[in-house]
Amino acid sequence: MQEYIRKLVLGLRRALLSKRRPNPAPETTTTSDESTAGPSRSDKVEELPSREIPKEELTEPISAETQVTMALETLKIEHVPPTHQVYAAFFRDVTNSDFLHAQLKARNPEFDYALIDASSVISRHHLLSGVFNALIVILDGTLLSQTPHSEIVLSMSTNNNIADAYRRWGIAPGKTKDLIVVKLVISPSSTEADSATQPAAQTPESIWAHLSESIKGRPVPLSDEEISTATDWQKVRKYYSLNNVPVLAKTEGEEAKKKVMETLAVSSMALRTL
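Taking an unreviewed UniProt entry as the reference, the protein chain is identified by name as EKC/KEOPS complex subunit CGI121 belonging to Podospora aff. communis PSN243. Per UniProt, the comment on the protein chain under Sequence similarities (unreviewed entry) is "Belongs to the CGI121/TPRKB family." We quote the UniProt Subcellular location (unreviewed entry) comment for the protein chain here in full: "Nucleus".

1. A word on the nonpolar core
Ranked by internal contacts, the top residues of the largest apolar core, which has 37 residues, are Ile116, Ile180, Val182 and Tyr240. Every element with two or more residues in this core is listed here: strand E2 (84–92), strand E3 (114–117), helix H6 (124–140), helix H7 (148–154), strand E4 (179–186), helix H10 (224–230), helix H11 (233–239) and helix H13 (254–271). Ranked by residue count, the leading element in this core is H6, at five residues. The contacts of tyrosine 240, once residues within four sequence positions are left out, are His126, Met156, Thr158, Trp169, Ala265, Ser268 and Met269.

2. Details of the pairing of E3
Of the two faces of E3, the one holding Ala114 and Ile116 and the one holding Leu115 and Asp117 are both buried throughout. Summarising the sheet, E3 and E4 pair through four bridges and their orientation is antiparallel. Residue aspartate 117 lies in a different strand from E4, and its bridge partner there is leucine 179.

3. Examining the pairing of E4
Within E4, seven of the eight residues are buried, leaving the element largely enclosed by the surrounding structure. With eight bridges joining them, E2 and E4 adopt antiparallel strand pairing. Following the sheet pairing, histidine 84 is matched in E4 by isoleucine 186.

4. Things to note about the pattern of salt bridges
Following the criterion strictly, the structure yields eight salt bridges and no others. For the salt bridge of aspartate 164 with arginine 167, the shortest nitrogen-to-oxygen distance reads 2.7 Å. Taken together, the residues span about one helical turn, with aspartate 164 and arginine 167 both in helix H8 (residues 162–169) at a distance of three residues. Owing to a relative accessible area of 8%, aspartate 164 belongs among the buried residues under this scheme. Connected via shared salt-bridge partners are Arg92, Asp178 and Glu226.

About the criteria used
Residues numbered from 1 in each chain as written. Predicted model: local features only at pLDDT ≥ 70, side-chain atom pairs only at ≥ 80, totals over all residues. Heavy atoms only, no water. UniProt positions renumbered as here; feature names shortened; annotations may be inferred. Core = buried A, V, L, I, M, F, W, Y, C linked by side-chain atoms within 4.5 Å. Buried < 20%, exposed > 50% of the residue type's maximum accessible area, 1.4 Å probe, protein only. Helix = DSSP H or I, 4+ residues; strand = E, 2+ residues; numbered from the N terminus. Contact = heavy atoms within 4.5 Å. Pairing = 2+ DSSP bridges. Salt bridge = Lys/Arg side-chain N within 4 Å of Asp/Glu carboxyl O.

Structure, rendered in structure tokens:
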């Protein structure tokens, strides 16, 4: 009986061992093409560790020249010699108009600019027309005001009253919130004295550096869209005597009327010098 039990136990052990032992993998033969081929899709490919790119590598730094191009615009005006370069910038929400007006009143040479209240400007075309009219007078040497920049402010007017022009188009202390700055840089021509004896001409970089430091405001593009949001049309109608003009009464549509007022304003500015 004991011998029978011993044989039974040994048989059960053999059966258990045979179940635990893995079956041998079947032999496979590979051809020469398969042996030279690359890894199959089922093979595990080792992935390279990912690296987070810092923000400074994603964003290209803006050079000083690019910043100048964005904020200080070079005005390209036809029929003006290359010795006369005109630059302009537009500042919104200006908070130090008192300081800027005081510098002009004191005739501080560092603030030799044409500072124009944008609320009295209709568009880029309106502004450039005034600058062009002033340049004609400057090139002819027949200034009616003391400086080229004051001539630019005067050119926005319909008469030769300088005080009236500054009161209407110039910067007003404590009132001007949107300011257009025009800078005229006149370089000596090749026929004039040796350049070594002439003061160094201001560059766009130096002009913008001084403006951005001196004017407490928000620089924006000198575009029609920005100017239109600053225009005070009641002022424009009053300053250019556009109230009760028959052609405006016959014009339909607000935008069409604004275009007509722009044309009338530019025409009256041109007639001032005749």
